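Residues per chain are reported as follows:
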Amino acid sequence: MQLLRTSDADFETKFAKIVRDRRESDAQVGRDVSAILNEVRERGDGALVEYTRRFDQHNLSSDADWSISKEACRAAYDGLEPDLREALETAAARIRAYHEGQLPEDRDYTDDIGMRLGARWGAVEAAGLYVPGGRASYPSSLLMNAIPAKVAGVERLVVTTPTPKGEMNDLVLAAAHIAGVDEIYRVGGAQAVAAMAYGTERIARVDVVVGPGNAWVAEAKRQLYGVVGIDMVAGPSEILVIADKDNDPEWLAADLLSQAEHDPTSQSILITDDRGLANRVMDQIDLEFLKLPTAKTARQSWDDHGLVVLVDTLDETPALSDRLAAEHVEIATADPEAIFKQLRHAGSVFLGRMTPEAVGDYIAGPNHVLPTGRRARFASGLSVLDFMKRTSFIGASEAALKAIGPAAVRLAEAEGLPAHALSISRRLS
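Rules used in this analysis
- Residues numbered from 1 in each chain as written.
- Predicted model: local features only at pLDDT ≥ 70, side-chain atom pairs only at ≥ 80, totals over all residues.
- Heavy atoms only, no water.
- Helix = DSSP H or I, 4+ residues; strand = E, 2+ residues; numbered from the N terminus.
- Buried < 20%, exposed > 50% of the residue type's maximum accessible area, 1.4 Å probe, protein only.
- Areas by Shrake-Rupley, 256 points an atom, 1.4 Å probe, with all protein chains shown as cover.
- Lys, Arg positive; Asp, Glu negative; His and termini not counted.
- Charge placed at Lys NZ, Arg CZ, Asp CG, Glu CD.
- Pairing = 2+ DSSP bridges.
- Axes fitted to C-alpha atoms, helices over the stretch in contact; angles between N-to-C directions.
- Contact = heavy atoms within 4.5 Å.
- Parallel < 35°, antiparallel > 145°, perpendicular 65-115°, else oblique.
- Left-handed = near helix turned anticlockwise from the far one by under 90°.
- Nonpolar A, V, L, I, M, F, W, Y, C, P; charged D, E, K, R; others polar.
- Salt bridge = Lys/Arg side-chain N within 4 Å of Asp/Glu carboxyl O.
- Core = buried A, V, L, I, M, F, W, Y, C linked by side-chain atoms within 4.5 Å.
- Polar contact = N/O pair within 3.5 Å; in protein donor to acceptor, adjacent residues only side chain to side chain.
- Expected span 1.5 Å × (residues − 1).

## Description of the overall build of the protein
Looking only at helices and strands, one finds 18 helices and 14 strands in the protein. Taken along the three principal axes of its C-alpha coordinates, the protein extends 80 × 60 × 45 Å. In the protein, which comprises 429 residues, the proportion classed as buried is 48%. As displayed, the protein has an accessible area near 20600 Å², and 50% of this comes from carbon and sulfur atoms. Here the protein carries 47 positive and 65 negative side-chain charges, and the mean point of each set is 5 Å from the other.

Laid out in structure tokens, this is it:
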């Protein structure tokens, strides 16, 4: 863990290095993934059978080995403890309500020369959702990815997920039931992304692939962009907490560890203008390691990538935050709005001391699939628009074409495209 002070002479050098640090997959992962994608494209189900046996110790032979039925998802839902079932339903309802507000409106109008113009929105036909197994098995992520797809109007929603030794998480199945998933396949890793992108004998191709995963899954999505649409290339999780002196160090320690426990490559950062608070938070984190079940992962993340920045004044924080462009930014200050107004780059912002980032992971409503690795400078979190496309349309009357056609002809001739010019001028004559 590093402790930096903005007043130190070498602060800029050290901080710039942290900003540049990607903490993402290396070239070897890219080569491995490329080979896997090629195998699935060439051999289809045969490659999936081999990779699933090798990586998950699961044999794909019968239909039940390949897929999980809707009936099994319903049974998992029915078998949940009532309070847990209610929690999932509450989360789903809030996520659905928030994303329904994102649905775009069509445009259709006629301008002053009589030209009809507009755009029509529609959902992609099929979407694929990768759901992790292994280290991460999160029903909340399934809800966050699947519900926007259904709100958008996607007709066929496919889930692929690894089932190590044939075992599946009942919470994930229950979430699939709530979200209305249409197909679930017991395939994971880069090979699952390839199957959804290219299609195999059993798994029909989709138009968009979304969902979290490890470095191999993220790299597969990156390499397959263009064959299918993707939500984003996600890297390790991040949290930045901006805090003044009047905070509870136990709260802030828990907030920082909430991301550190995800993965050893996650990053947790505290920026504060109070050295005493910084010391109390660091001490509390050390205490939490003694009792946190995920301490091994969280400790490695904090030791390798944790950062505390001491500023002379909180006025310095918006500029530092924008350089980090973090996935999650908590503003735990007396006046969070003052800092929020100055922020330009953040995946999602959590305002005030009573808004821990974790509430956004589960139940607030906005999507928790967010850009990492400074991509918040140019990217946004997952939304219904990731499952939709816009088709523009033009309808010209004779009068409208006569009004603007000559200018189009002149531009086509200037670009050296005579057939373009002819297609317009012949109608004008």
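## Structural notes on the sheet that holds strand β13 (residues 348-351)
What the six strands build is an open sheet, ordered β1-β11-β10-β9-β12-β13; its pairing is parallel. Where the open sheet ends on each side, the last strands, each with one partner, are β1 (2-5) and β13. Ignoring strand direction, the axes of neighbouring strands in this sheet form an average angle of 15 degrees. Across four bridges, the pairing between strand β12 (residues 328-332) and β13 is parallel. Directly across from Ile331, in β13, lies its bridge partner Leu351. On the sheet, helix α11 (residues 249-260) packs against β9 (238-243), β10 (267-272) and β12 and is oriented at approximately 165 degrees with respect to β9. On the sheet, helix α13 (residues 295-305) packs against β10 and β11 (307-310) and is oriented at approximately 55 degrees with respect to β10.

## As for the packing of helix α2 (residues 27-43) against helix α10 (residues 215-224)
Contact pair α2 / α10: the axes reach a minimum separation of 9 Å and the direction vectors enclose 65 degrees. For the element pair α2 / α10, the angle class is roughly perpendicular. Remark: the crossing between α2 and α10 carries right-handed chirality. Within the contact between the two elements, α2 uses Val29, Gly30, Asp32, Val33, Ser34 and Leu37 and α10 uses Ala215, Trp216, Glu219, Ala220, Gln223 and Leu224. Split by residue class, the contact of α2 with α10 holds seven nonpolar, three polar and two charged.

## Some words on the pattern of salt bridges
Overall, the coordinates contain 18 salt bridges when judged by the stated rule. Across the pair Glu12 and Arg323 runs a salt bridge, and its minimum N-O distance is 2.8 Å. With a gap of 311 residues between them, Glu12 in helix α1 (residues 11-20) and Arg323 in helix α14 (residues 317-324) connect regions that are remote in the sequence. You can call Glu12 partly exposed: its relative accessible area is 41%. The exposure class assigned to Arg323 is partly exposed, which follows from its relative accessible area of 29%.

## A short note on the sheet that holds strand β3 (residues 116-123)
Ordered by their spatial adjacency, three strands build an open sheet running β2-β3-β14, and the pairing between neighbours is antiparallel. Each end of this open sheet is capped by a strand with a single partner; those strands are β2 (107-110) and β14 (388-395). Averaged over all adjacent pairs, the angle separating strand axes in this sheet is 15 degrees, with direction ignored. Note that β2 and β3 share four bridges and pair antiparallel. The partner of Asp108 across the bridge, within β3, is Gly118.

## Details of the packing of α1 against α14
Packing of α1 against α14 leaves a shortest axis separation of 9 Å and a crossing angle of 40 degrees. By the angle between their directions, the pair α1 and α14 is classed as oblique. Where α1 approaches α14, its residues Phe11, Glu12, Phe15, Ala16, Ile18 and Val19 are matched on the opposing element by Leu320, Arg323 and Leu324. Here the contact of α1 with α14 is composed, by residue class, of seven nonpolar, no polar and two charged.

## Focus on the nonpolar core
Within the largest apolar cluster, 41 residues are counted, with the highest numbers of intra-cluster contacts made by Leu142, Leu143, Val181, Ile184 and Phe387. Apart from the residues within four sequence positions on either side, Leu142 is in contact with Leu129, Val131, Ile147, Val172, Ala175, Ala176, Ala179 and Val181. Ala126, Tyr185, Ala192 and Met196 belong to the second largest nonpolar core, which has 31 residues in total.

## Some thoughts on the environment of Trp66
As for its position among the elements, Trp66 is in helix α4 (residues 63-66). Its relative accessible area of 3% is what places Trp66 among the buried residues. Residues Trp66 and Val233 lie 167 residues apart in sequence; the distance between their C-alpha atoms is 27 Å. Beyond its immediate stretch of four places on either side in the chain, Trp66 contacts Asp45, Leu48, Val49, Leu60, Ser61, Ile184, Tyr185, Arg186, Val187 and Arg202.

## Concerning the side chain of Ser301
Of note, Ser301 is situated in helix α13. From its side chain, Ser301 meets the backbone oxygen of Ser266 in a polar contact 2.7 Å long.

## Brief notes about α11
In this model, α11 (12 residues) spans 16 Å end to end at C-alpha, consistent with the 16 Å of a helix rising 1.5 Å per residue. Across the 12 residues that make up α11, a large majority, nine, are buried. Looking at α11, one finds that the buried residues are Pro249, Leu252, Ala253, Asp255, Leu256, Leu257, Ser258, Gln259 and Ala260. Buried residues along α11 sit in contact with β9, β10, α12 (275-289), α13, β12 and α16 (357-362). Regarding α11, its N-cap is Asp248, as a side-chain oxygen of that residue lies 2.8 Å from the backbone nitrogen of Glu250 further along.

## Side note on the pairing of β11
In β11, alternate side chains face the same way, and those of Leu307 and Val309 on one face and Val308 and Leu310 on the other are all buried. As paired elements, β10 and β11 share four bridges and run parallel to each other. Paired with Leu270 across the two strands is Val308, which belongs to β11.

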